[in-house]
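One letter stands for each residue in the lines below.
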Amino acid sequence: MPIECVKLTKRYPGSASKSLDNVNVSIPTKGIFSLIGRNGAGKTTLTRILGTQLMPSSGHASINGLDVVDDAKELREIIAVIPQDGRPVPWVTPAQMIMTYLMWRGYGIREAKARSVSVIKDIGIYKEKDKHISKLSGGTRRKVLVGCVLASEAEIVFMDEPTTGLDLISRTSFWDTLGKLKKDRFFLLTTHYLEEAESLADGIGILDKGKLLVSGSMDQIRKRIRYRYMVTLGKDVKVPDFKGKIIRTSNSARIMTSEEGAERIASEMIRRHAEFSMSPISLNEIFYSFVKEDIEAGDGDDYEEE
Amino acid sequence: MRRNKLSQVWASVLLTAVYWMKNYPISIVASFLSPIAIVVIISFVSKGALVGVAVEGALITTFVLNGILEMTDISHLKNDFKIQDMVVASPTSALSYILGMSFSSLATAIPSIIFILILWSVFVHTTVVSALTVFAVVALLMVLSISIGFFLATRTSDISQSYQFTSILGLLFTTISPIYYPITLIPMPYRYLAYLSPITYGAEIIQSATGYLSISSMNLAIDWLVLIVLTVVTLFFAIKNLRWREA
């Protein structure tokens with residue numbers, strides 16, 4: 001059964017604006033679902049409501065048929081979370097931290113110890129298992145928290161920006177680990193690394209200003225976009241007439257257009273011997289397209305209405 | 001999966017007391033340095049006359065300060081490390097967590113308590129009745145201070161706030177209250193200020209039970225009543241206002 005949100009709304013006490021505004025979504029609890037959005041878009045709020053840490057103001061949310069408010073106790077049996085900015089306590093070792101978390105989940109001390117040693121090997125920090133966390137790198141500390149939830153029996157795991165601050169190699173290793181584990185568990189995570197979300201997540205949701213703009217697989221989301229091709233022109237290349245959208249940066253102009261439009265621009269560029277490249281749009285462009293920032297209109301709407 | 005409830009409580013004790021003391025043994029010395037230092041000062045100043053009551057004060061201070069200091073641990077786990085979020089979204093109940101953190105504050109006090117009890121056996125004349133009285137009072141004071149600690153910890157948004165509260169309460173509870181000496185040593189009308197602190201009522205009962213203070217039965221009854229009512233009310237508010245899941 002999926003995660004279901006119906007008119008889910010959150011307004012923090014004393015706040016004039018809504019952090020989540022009437023969110024309706026159905027997310028299959030299989031594989032990896034990545035929630036993307038700008039800072040303050042509502043990603044953390046949604047994750048915390050689903051993780052039973054925060055009460056919604058109105059609307060409903062359920063996971064596998066269990067309501068996040070009314071059935072929180074039952075739900076907490078099957079979920080685990082890694083909060084944004086979460087850190088393991090510095091005065092213990094990774095093994096002690098993971099063991100403590102497992103005991104909070106109700107494991108006996110012996111099983112908790114055995115599981116913590118096992119997961120420490122799996123996530124590649126066995127050499128550091130007896131070092132104080134205060135002496136570990138930021139990436140390794142992050143792995144300790146990941147180890148906590150992976151060592152548990154939780155079927156549904158919420159991770160709020162788990163890779164923020166990690167170097168490329170650590171991030172790749174983290175995603176690899178999730179890739180292996182997604183057969184048995186569901187991961188919902190928020191991230192700012194769109195390339196990683198695009199290549200590894202089975203489903204993606206884009207939030208902006210508390211509203212869920214779109215949700216689905218990359219193919220499903222791409223189909224919602226009118227202009228599905230991207231032509232990138234060099235810095236000094238004069239932009240030809242086009243039908244679509246353009247994103248200007250200091251080094252290039254990126255035109256989002258239709259397949260025919262892309263072919264036409266490509267022909268023109270070849271005729272001019274100008275520098276250009278062409279590709280199907282990536283999550284980056286989709287994201288830009290949906291949040292509608294920094295985009296100049298060429299002609300037409302950004303995306304198809306359902 | 002069958003959950004081990006005892007493990008869920010023990011986890012907090014392990015993290016914030018056992019591992020803390022095991023990995024940083026200096027914390028054991030630090031925990032009883034402050035009350036013992038005051039015992040030494042009082043003993044010198046009173047030429048040994050008040051050493052017994054000062055030892056009683058050290059015991060009260062240890063229980064009360066460890067209860068309040070638990071606030072900083074809770075605040076650390078909640079605001080600094082966000083570990084409380086992980087616990088909220090787990091099968092651990094709020095009650096298991098509170099119990100665990102309360103036992104943790106008691107556990108961190110154990111080395112200090114043992115040391116003070118050794119001094120107690122040397123300097124304080126104790127009967128079975130007075131021992132039971134002292135036990136009851138320190139238990140109430142511990143519940144009172146932990147309740148205050150919990151109440152404030154759930155309302156702090158960062159660790160700095162917790163440190164401020166700890167300093168203020170530490171000052172209020174262990175300086176205004178005449179716990180290292182009898183209240184009769186405070187001149188009037190300043191003596192009334194001491195009654196602003198709930199610890200004063202507990203100190204009077206203990207000092208009376210061990211023969212360091214002579215008060216009327218009526219005053220003793222009032223001390224018990226105030227201490228019990230304050231503890232129950234504070235505990236009630238701490239549980240009622242505990243923010244397990246944010247609104």
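Cut-offs and rules
- Residues numbered from 1 in each chain as written.
- Chains lettered and ligands numbered in written order.
- Predicted model: local features only at pLDDT ≥ 70, side-chain atom pairs only at ≥ 80, totals over all residues.
- Heavy atoms only, no water.
- Contact = heavy atoms within 4.5 Å.
- Buried area = accessible area lost by both parts, 1.4 Å probe.
- Salt bridge = Lys/Arg side-chain N within 4 Å of Asp/Glu carboxyl O.
- Polar contact = N/O pair within 3.5 Å; in protein donor to acceptor, adjacent residues only side chain to side chain.
- Helix = DSSP H or I, 4+ residues; strand = E, 2+ residues; numbered from the N terminus.
- pLDDT = per-residue confidence, 0-100.
- Core = buried A, V, L, I, M, F, W, Y, C linked by side-chain atoms within 4.5 Å.
- Buried < 20%, exposed > 50% of the residue type's maximum accessible area, 1.4 Å probe, protein only.
- Domains from an automatic or database assignment.
- Pairing = 2+ DSSP bridges.

Draft legend 1. Local environment of the interface of chain B and chain A. Every contact between the two is made by 36 residues of chain B and, on the other side, 45 residues of chain A. Per-residue buried area on chain B facing chain A is highest for F81(B), M86(B) and R245(B); these three make up 22% of the total on that side. In this assembly, chain B and chain A are joined by four salt bridges. E153(A) serves as the salt-bridge partner of R3(B), at 3.0 Å between the closest nitrogen and oxygen. The interface formed by chain B and chain A holds 18 residue pairs in polar contact (both at pLDDT 80 or more) in total. For the side of chain B that touches chain A, the secondary-structure elements that each account for two or more residues are α1 (5-23), α3 (51-80) and α4 (83-88) of chain B.

Draft legend 2. Summary view of the confidence of the model for chain A. Residues of chain A with pLDDT of at least 70 account for 95%, and the chain-wide mean is 89. Scored below 50 in pLDDT, residues 297-306 of chain A shows 30 contacts in the model against residues more than four places distant or in partner chains.

Draft legend 3. How the structure looks around the nonpolar core. L50(A), M159(A) and I83(B) are the most contacted members of the largest nonpolar core, which totals 145 residues. Each of two domains, domain 1 (3-222) and domain 2 (225-297) of chain A, supplies a minimum of three residues to this core. With nine residues, the next largest nonpolar core counts L233(A), V237(A), I255(A) and A262(A) among its residues.

Draft legend 4. Looking closely at the pairing of strand β7 (residues 156-160) of chain A. Residue and element names in this part refer to chain A. The buried fraction of β7 is high, at five of five residues. In β7, alternate side chains face the same way, and those of I156, F158 and D160 on one face and V157 and M159 on the other are all buried. In terms of strand pairing, strand β6 (residues 79-82) meets β7 through four bridges, oriented parallel. Bridge pairing in β7 places A80 opposite V157. As paired elements, β7 and strand β8 (residues 186-190) share five bridges and run parallel to each other. Each bridged residue has a counterpart across the sheet, and for D160 the counterpart in β8 is T190.

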